[in-house]
Amino acid sequence: MAKKDTIILGIESSCDDTSAAILKNEAILSNEIAGQKVHEAYGGVVPELASRAHQQNILPVVDTAIKNANISLKDIDAIAFTAGPGLLGSLIVGTSFAKSLALGLNIPMIQVNHMHGHVLAHFIDDYEDDQLKAKPKFPFLCLTVSGGHTQIVLVKDHLDMQVVGTTKDDAAGEAFDKTAKLLGLPYPGGPLIDKNAQKGAPNAFKFTKPEMPEFDYSFSGLKTNVLQFLQRETKKEKDFVEKRMNDICASLQKTIIDILFDKLIKAAKQYNIAEIAIAGGVSANSGLRKRLIEEGQKRNWNTYIPKFEYCTDNAAMIAITGRYQFLKEDFADQSISPKARMKF
Ligand code: KG4
Ligand code: ZN
């Protein structure tokens, strides 16, 4: 008898994107994302506003995902949801929704670690181009860079992975967003730094790089360094930032990418691994994507870059992770509660 297809509904609500996706085995049928503009004015995500927006968005987002996948509720075999890490109020909205729908449909639910989701986004089947269809081979290293995390992950199997390097303070995404704020750019500043950097000179200014042991990162010093640099330069020239915006962005972006790659290259050497992937919101950065390809050519790495929509937070990555857990019957029960901090 042919193996039955499995349809999984994924739900993501850990930060400021409400997302729902439908996956049939490994193939994507729909991936809907509702962003939240409400935080822009505040220079960062306001947790209480995020929870309220998730509450408003979740039903229409799930509904649209089901409609666009051309399936009906009764076709869903299991619900995978982000149980952490993230903002507790936001996680509660997605978790409660998943619980009630699973109860109503009498189907299992699967609690997913958001960070596993970023890594496993590489296994979503959504490419017509044969070259892009290639999936990383185990073991591989994944540089996961997001607004909340910076990790080098050693991935031995879909559900067997280990963090070998991490940030001791700010995440790479925070380094982008906080320095962007110093430049007067709205939240989230990462994509805007990327845009400006494409028109600037990456070697125009030098910023400090931290000394950290092994494969660990630190980004808080960069923010202080940029603050002092801007104070010094604007004292000399009032409209320094406006005049040199593109060069500052390009130099900042280069510094962050250099810091990330120093440790990634070191880890690849130490573990003797040439399968290298990037994931997370910051992996949408054009400079980072370009650099991975360059380093890959230079070092004979096979490199893997997710499609844009699977870099930033999305439910498709939660659904694919849920699929692997489903195959192992790793289910959650109704007593489950989400966790702001979650063991990797
Ligand atoms: O993975 P993600 O969507 O959410 C978290 O789990 O944190 O990552 C969001 C982060 C933000 O810090 C945002 O500024 C950054 O990803 N980001 C970028 C770019 N696109 C998103 N950073 C630099 N360049 C980009 N193009
Ligand atoms: Zn994320």
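Here the structure is a predicted model, which is why all the values come from computation and not from measurement.

Caption draft 1: Examining the coordination of the zinc ion (ligand 2) more closely. Taken together, H114 (NE2), H118 (NE2) and D313 (OD) make up the full set of protein donors to the zinc ion (ligand 2), lying 2.0 to 2.1 Å away. One can describe the donor arrangement at the zinc ion (ligand 2) as irregular, given that its 4 donor atoms subtend angles of 93 to 148° at the metal. Counting along the primary sequence, the residues that act as donors to the zinc ion (ligand 2) give the motif H-x3-H-x194-D. Of this pair, H118 sits in helix α3 (residues 114-120) while D313 sits in the loop between β10 (302-304) and α9 (316-327), placing them 195 residues apart in sequence. Of the two residues examined, H118 and D313, each falls in the buried class.

Caption draft 2: Structural view of helix α4 (residues 172-182). All of the buried residues in α4 are A172, G173, A175, F176, D177, T179 and A180. Where α4 is buried, its residues contact β6 (140-145), β7 (150-157), α5 (190-197), α6 (220-236) and α7 (240-271). A positive backbone phi angle near 85° is found at G184, which sits one or two residues after α4.

Caption draft 3: Representation of the sheet that holds strand β8 (residues 160-166) within the structure. Pairing is mixed in the open sheet, where 5 strands are placed in the order β8-β7-β6-β9-β10. The sheet terminates laterally at β8 and β10, the two strands that pair on one side only. Each neighbouring strand pair of the sheet contributes to a mean axis angle of 25°, computed without reference to strand direction. Inspection of the sheet shows β6 paired to strand β9 (residues 275-279) by 4 bridges, in the parallel sense. Note that in β9 the partner of C142 across the bridge is A277.

Caption draft 4: Summary view of the side chain of H116. Counting through the fold element by element, H116 comes out in helix α3. Those residues in contact with H116 that lie beyond four places of it in its chain are M161, T321 and F344.

Caption draft 5: Local environment of the site of ligand 1. In the vicinity of ligand 1 there are 18 residues, among which G147, D177, D194, N285 and D313 approach most closely. A distance of 2.9 Å separates a nitrogen atom of ligand 1 from a polar atom in the side chain of D194. Within the complex, 89% of the 550 Å² of free accessible area of ligand 1 lies under protein. Elements represented by at least two residues in the shell around ligand 1 include exactly α3, α4 and α5. When grouped by side-chain class, the residues that make up the shell around ligand 1 number 5 nonpolar, 10 polar and 3 charged.

Caption draft 6: Inspection of the sheet that holds strand β5 (residues 109-113) at higher detail. Pairing is mixed in the open sheet, where 5 strands are placed in the order β3-β2-β1-β4-β5. Whereas interior strands pair on both sides, the edge strands pair on one side only; in this sheet they are β3 (27-34) and β5. Averaged over all pairs of adjacent strands, the angle between strand axes in this sheet comes to 20°, irrespective of strand direction. Sheet topology places strand β1 (residues 7-12) next to strand β4 (residues 78-84); 4 bridges connect them, and they run parallel. By the bridge assignment, I8 is partnered in β4 with A78. Sheet strands in contact with helix α2 (residues 88-105) are β1, β4 and β5, and its direction is about 155° off that of β4. Across the sheet, α9 is in contact with β1, β2 (18-24), β3, β4 and β5; its angle to β5 comes to roughly 120°.

Caption draft 7: Layout of the packing of α4 against α7. Relative orientation of the contacting elements α4 and α7 amounts to 165°, with a least axis distance of 11 Å. Compared by their axis directions, α4 and α7 come out roughly antiparallel. The hand of the α4/α7 crossing is right-handed. Contact residues: α4 offers A172, A175, F176 and T179, while α7 offers L252, Q253, I256 and L260. Each residue belonging to the contact of α4 with α7 can be placed in one class, and the counts come to 6 nonpolar, 2 polar and no charged.

Caption draft 8: Here's a closer look at the pattern of salt bridges. One pass over the structure, following the stated rule, counts 23 salt bridges. In this structure, E174 and K178 form a salt bridge, with 3.7 Å as the shortest nitrogen-oxygen distance. Note that E174 and K178 are positioned in helix α4 at a spacing of 4 residues, about one turn of the helix. Residue K178 is classed as partly exposed on the basis of its relative accessible area, which comes to 29%. As a salt-bridge pair, E237 and K243 come within 2.7 Å of each other at their nearest N and O atoms. Taking the relative accessible area as the measure of exposure, K243 reaches 55% and is therefore exposed. Linked by salt bridges that have partners in common, K209, K254, D258, R291, E295, K298 and R299 make up one network.

Caption draft 9: Examining the pairing of β1 more closely. The element β1 is largely enclosed, with a buried count of 6 among its 6 residues. Here β1 shows no split at all, with I7, L9 and I11 on one side and I8, G10 and E12 on the other all buried. In this antiparallel pair of consecutive strands, β1 and β2, the connection spans 5 residues.

What counts as what
- Residues numbered from 1 in each chain as written.
- Chains lettered and ligands numbered in written order.
- Predicted model: local features only at pLDDT ≥ 70, side-chain atom pairs only at ≥ 80, totals over all residues.
- Heavy atoms only, no water.
- Donors = N, O, S within 2.8 Å, 3.2 Å for Na, K, Ca; no water.
- Tetrahedral: all angles 85-135°; square planar, octahedral: opposite > 155°, others 65-115°.
- Helix = DSSP H or I, 4+ residues; strand = E, 2+ residues; numbered from the N terminus.
- Buried < 20%, exposed > 50% of the residue type's maximum accessible area, 1.4 Å probe, protein only.
- Contact = heavy atoms within 4.5 Å.
- Pairing = 2+ DSSP bridges.
- Axes fitted to C-alpha atoms, helices over the stretch in contact; angles between N-to-C directions.
- Near = heavy atom within 4 Å.
- Polar contact = N/O pair within 3.5 Å; in protein donor to acceptor, adjacent residues only side chain to side chain.
- Areas by Shrake-Rupley, 256 points an atom, 1.4 Å probe, with all protein chains shown as cover.
- Nonpolar A, V, L, I, M, F, W, Y, C, P; charged D, E, K, R; others polar.
- Parallel < 35°, antiparallel > 145°, perpendicular 65-115°, else oblique.
- Left-handed = near helix turned anticlockwise from the far one by under 90°.
- Salt bridge = Lys/Arg side-chain N within 4 Å of Asp/Glu carboxyl O.

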